[in-house]
Amino acid sequence: MMGGAAVRVGLLGLLLPCVATAPTNKDWDIYSFHINSTVTSRYATTVITSRVANRINQSQEIEFHVKIPKNAFISKFRMTIEGKTYDGVVKQKEEAQQQYTQAVSRGQSAGIVSSVGRTLEEFKTSVTVAALSKVTFELTYEELLKRRLGKYELLIHARPMQPVADFKIDVYIKEYPGVNILEIKGGLSTKELANAISKTQTSTEAWVHFYPSKAQQSQCDSCGEEGLNGDLVIVYDVHRKKSIGDLKKSDGYFVHHFAPSDLPRIPKNVVFVIDQSGSMYGRKIQQTREALLKILGDLAEDDHFGLITFDSSVFPWKEELLLANQKNLEAAKMFVQNIRDRGATDINAAVLRGTDMLNRHLREGTASLLILLTDGDPTTGETNLENIHKNIKEAIDKKFPLYCLGFGMDVNFEFLEKMALENNGVGRRIYEDSDAALQLQGFYEEVATPLLTDVQMVYLGGANLTQTNFSQYYNGSEIVVAGQITDNNIEEFTAEVIAISKSNKVTYSETIPTEEPITARSDSNLQRLWAYLTVKQLLDKEVQLSGSEKETVKKEILDLCLKYGFVTPLTSMVVTKPQGEESQVAHKPKEGKKPTGSGQAFMVPSQRKFSHDSLPSRPKNTRLYGGAGHIGKYAPVRGPYFSALPSRPKNTRLYGGAGHIGKYAPVGGPYFSDIRQLLDGNLPTHSTKMTTTTVSPLIRFLLPAEGQALPLCYDIPVALSLRLLKDPNNDFSMNGQLGKSDSAGYQKIVVHYRSDQHIDFDTTGITFNNGQNATYFSWSLNINIEKDSVSLIIRDKEMDVTMGSTRVIIMLYERDGNVFLWPVLRQRPTGDNITGIMARPPVVYEKVQGTTVKLKIQDKEVDVSRASTVDLSVRSAPTVTCWLTPLQSALQGELADFTVSQL
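Residues numbered from 1 in each chain as written. Predicted model: local features only at pLDDT ≥ 70, side-chain atom pairs only at ≥ 80, totals over all residues. Heavy atoms only, no water.

Participant: Help me understand the packing of aromatic side chains in this model?
Facilitator: Two aromatic rings are characterised by how far apart their centres lie and by the angle between their planes. Taken as a whole and assessed by the stated rule, the structure comprises 27 aromatic pairs. Judged by centre distance (6.0 Å) and plane angle (85°), the ring pair of F167 and F210 falls under edge-to-face. Taken as a pair, F167 in strand β11 (residues 166-174) and F210 in strand β14 (residues 205-210) lie far apart in primary sequence, 43 residues in all. Looking at F210, the relative accessible area reads 0%, which means it is buried. Taken together, the aromatic side chains of Y43, F73, Y532, Y564 and F566 make up a single cluster linked through ring pairs. For the cation-ring pair, K134 lies above Y31, with the distance from its terminal atom to the ring centre recorded as 4.8 Å. One Lys or Arg, R342, reaches over the ring of F315 and ends 4.8 Å from the middle of that ring. (Phe/Tyr/Trp six-rings, centres within 6.5 Å; stacked < 30°, edge-to-face > 60°. Helix = DSSP H or I, 4+ residues; strand = E, 2+ residues; numbered from the N terminus. Buried < 20%, exposed > 50% of the residue type's maximum accessible area, 1.4 Å probe, protein only. Lys NZ or Arg CZ within 6 Å of the ring centre and 35° of its normal.)

Participant: How should I be thinking about helix α2 (residues 283-298) in this particular structure?
Facilitator: Two residues of an α-helix separated by three or four positions point the same way, owing to the 3.6 residues in each turn. Between its first and last C-alpha atoms α2 spans 23 Å; for 16 residues at 1.5 Å apiece the expected length is 22 Å, and the two agree. Within α2, the full set of buried residues consists of K284, I285, Q287, T288, R289, A291, L292, I295 and L296. Buried positions along α2 lie against β18 (268-275), β19 (304-310), α3 (326-337), β22 (367-374), β23 (402-407) and α7 (436-447). (Expected span 1.5 Å × (residues − 1). Contact = heavy atoms within 4.5 Å.)

Participant: I would appreciate a short explanation of the sheet that holds strand β15 (residues 230-238) in the present structure.
Facilitator: Either a parallel or an antiparallel arrangement is found when strands of a sheet pair, and the pairing is made through backbone hydrogen bonds. Here three strands make up an open sheet; going across it, the order is β10-β15-β12 and the pairing antiparallel. The open sheet has two edge strands with one neighbour each: β10 (152-158) and β12 (179-185). Here the strands of the sheet are splayed against their neighbours by 15° on average, with no regard to which way each runs. The sheet contact formed by β10 and β15 spans seven bridges and is antiparallel. The residue of β15 that forms the bridge with Y152 is Y236. (Pairing = 2+ DSSP bridges. Axes fitted to C-alpha atoms, helices over the stretch in contact; angles between N-to-C directions.)

Participant: Explain the state of the cysteines to me, please; I cannot follow it from the model alone.
Facilitator: Scanning all chains against the criterion turns up one disulfide. Here C713 connects covalently by a disulfide to C882, the sulfurs 2.2 Å from one another. Between C713 and C882, the disulfide has an S-S torsion of 75° and is therefore right-handed. Taken together, the positions of C713 in strand β37 (residues 712-717) and C882 in strand β53 (residues 879-884) put the pair 169 residues apart, joining distant regions of the chain. Residue C713 shares its accessibility class with C882, and that shared class is buried. (Disulfide = S-S within 2.5 Å.)

Participant: Just checking my understanding: could you explain the packing of helix α5 (residues 385-396) against helix α6 (residues 413-421) for this structure?
Facilitator: How two helices pack is summed up by the angle between their axes together with the distance between the axes. Following both chains from N to C, one finds α5 and α6 inclined at 20°, their axes separated by 10 Å at the closest point. Comparing their axes, α6 and α5 come out roughly parallel. Note on packing geometry: the crossing formed by α5 with α6 is right-handed. Packed against α5, whose contacting residues are L385, I388, H389 and I392, the element α6 presents F415, K418 and M419 at the interface. Classifying every residue of the contact of α5 with α6 gives five nonpolar, one polar and one charged. (Parallel < 35°, antiparallel > 145°, perpendicular 65-115°, else oblique. Left-handed = near helix turned anticlockwise from the far one by under 90°. Nonpolar A, V, L, I, M, F, W, Y, C, P; charged D, E, K, R; others polar.)

Participant: How do you make sense of unusual backbone geometry when you look at a structure like this?
Facilitator: Of all residues except glycine, most have a negative phi; of all peptide bonds, most are trans. Of note in the backbone geometry, L149 takes a positive phi value of approximately 50° without being a glycine. Since its relative accessible area comes to 46%, L149 is described here as partly exposed. Even without glycine at this site, D796 takes up a positive phi of about 50°. Structurally, the position occupied by D796 is in the loop between β45 (790-795) and β46 (798-803).

Participant: Teacher, can you tell me more about the environment of K91 here?
Facilitator: Take K91: it is sitting in strand β7 (residues 89-92). Each C-alpha atom of the pair K91 and C561 lies 8.7 Å from the other, and the pair is 470 residues apart in sequence.

Participant: Looking at this structure, how should I read the sheet that holds β7?
Facilitator: The strand order across the open sheet built from three strands is β7-β30-β31, with neighbouring strands paired in antiparallel fashion. Single-partner strands in this sheet number two, and they are β7 and β31 (584-587). Here the average twist between neighbouring strands, direction ignored, is 35°. Pairing of strand β30 (residues 571-575) with β31, which is carried by four bridges, proceeds in the antiparallel orientation. Bridge pairing in β31 places V575 opposite Q584. Most of the contacts of helix α9 (residues 547-564) go to β7, to which it runs at about 165°, and overall it touches β7 and β30.

Here it is, written out as structure tokens:
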């Protein structure tokens, strides 16, 4: 976009100016921002409409950036510019990806990036708006609200980053059983903003309006001069006059909401299987102990329970389930308080032991459940994931549900989710944060009170039904079934529920007249609810299948998504733009595919213009560089780059040496200032001419922080040989060679152990040298070798290496045509004198109060800036916010201390 300015407008997300000179509010204006949400039969359709004006006499790039609930599907997006509308088109993911890849290969606009957080995902796109013109963005998403602990929650997030004159949130709820509870929560309901909320309620309808003035938009707990920043949460429930629940039909479709509460509680048999391996050290194990102590205190007197901890071995508290009386609970709490982290991770043996305990204790009139909490992959015993799934499924044999809780972002969530789904449970991620114990307790509360088991839903006259069999129903939850009524000649439609309450069989039934011939309408709300629920459940089913069965289900999902316009993990939305601008592609991420975590990271290339933005997004005509232990940096394909990192001026060379990181020295040209000045974020103020320089790629490393929400990050040029880890006590070392091109990552990694064992990794394969013997392994193999103190496991293009007390994982990545390696430290070697970029323990820092952002590290104040990066320590690439710090302060050393002359 030559001659124009680039502006980012974040709606429900961020508004970040990104221009060659800092823009003023006169340059652009969000003059209208509306959110309209309609909820009927617990199915919410939300439309975000934002109108933005370009106030200056030149074109600008405006970015639309929203956050929506993770459980929602985007179903429509459009832009209107100068009276012309551009609609997004949902396509099969592979087809959309091909269009995206072709654009990227030409160095043109990047695709939209969606990232997973706890409750929200991001959607971004941008468009060039002509001088003194306007653009209207409109995004629609749909979701079925889930009942938890007796209530539904509709979450709306707003952060337009400027006060908006015409700001409105309107919510309309229509529930035929009647609205019972109506509450407003969230940060946008605090302080003065509470006065901007009005709510009205009749027997079956409710309205919530949020119309804050421009002055009020800076007066909430997290609001300020940049306007609103927070959530508005509408909480409600419905009347339940009949035990059969709410049965509604319309236009050839029906939905049945079943949530009886007038039932006796069923005593539980529950076994908790707790990971205590070395990776659970520190706050994880502490929070786990805290949560278990609270959960034990909440067990009912007629419940039976068991506790199992595991690492490389399995440690049951008792061999049998015990009654939850005061004596047994006190003894169990003593056991919990003594749980300590150590050893490897044998998930297979631990879950099988828990399964055996429940199988030996099945009692009539009770409900059994197995709860697994782990933060890692299986590393000892049975480590083949397919074999573990097979073993657990055969052992449980549909007798009770398995709930898998994945602690943190390094966990293999897909593995846990599949294991849970195959055994009538769910997978839930527990976020590694200050409230992790509360998250664990919250999950337990959802399953603490079973009311029914073996629930069967039968519909005479129904077809194409969603799931109708459920192992258990818990108080405060809800079972939802939808389907079609395809027989136009039937006079009555009958729903029947058959279940077990304690030891008694219970039956609920209701018949409703069809009244008139049934016809299907494409705009039926119930029809879209049915489609949404069907796709959600088929996506869960697809995870469990393989071969031709998996492909059949994928085709069924794809057909429904294309018909109803849903953006899911199998489809993408191509965002069309005016002629001359590249289309973009919006993908729906999977929870297991988007973890966040500490460690190392990599991103694919990009460009940006000068900005001190705290959270960079990939601008047009850019590439993004990233690498080991680091995260990613935007660098231009063409055009200027003036970020807090140096670019290499024309006709210069980069020199490095002790006492400094590196300098650009002229080759027949002017001298470029000390690179450390730029790493500190201090750009030169003198009149050095730097207009259209190219950029030497840089890699961003991530360094975890102890007791802080944000880690540190720092930058290193690519194409260096780095000392990754060195343990002289155990004669272990690991070095890596960064790539020399835009692909970044590591092209080669070498591990040395003792004097006679070496492993050479490159992108084609692995060579293990054991004395005089050399063995070559392809990345496509699955192997498990264990001898003496060395363990080598290859699966899914990853090698898990344990040598002595050190465990690392080397991952092979193939992304956007680039092939590279990625090392991740899973278990730090014990002892002193451990060196290397991966050896640095979590850093301790304090934030210094003042007008500029400073951190106190090792008793020294350091200038930092807020940055955003992507983490590849796991298979997915989450966005991570960090404090960008000079290398010397982060590592307490110079770059030369971490480079090697040979691998």
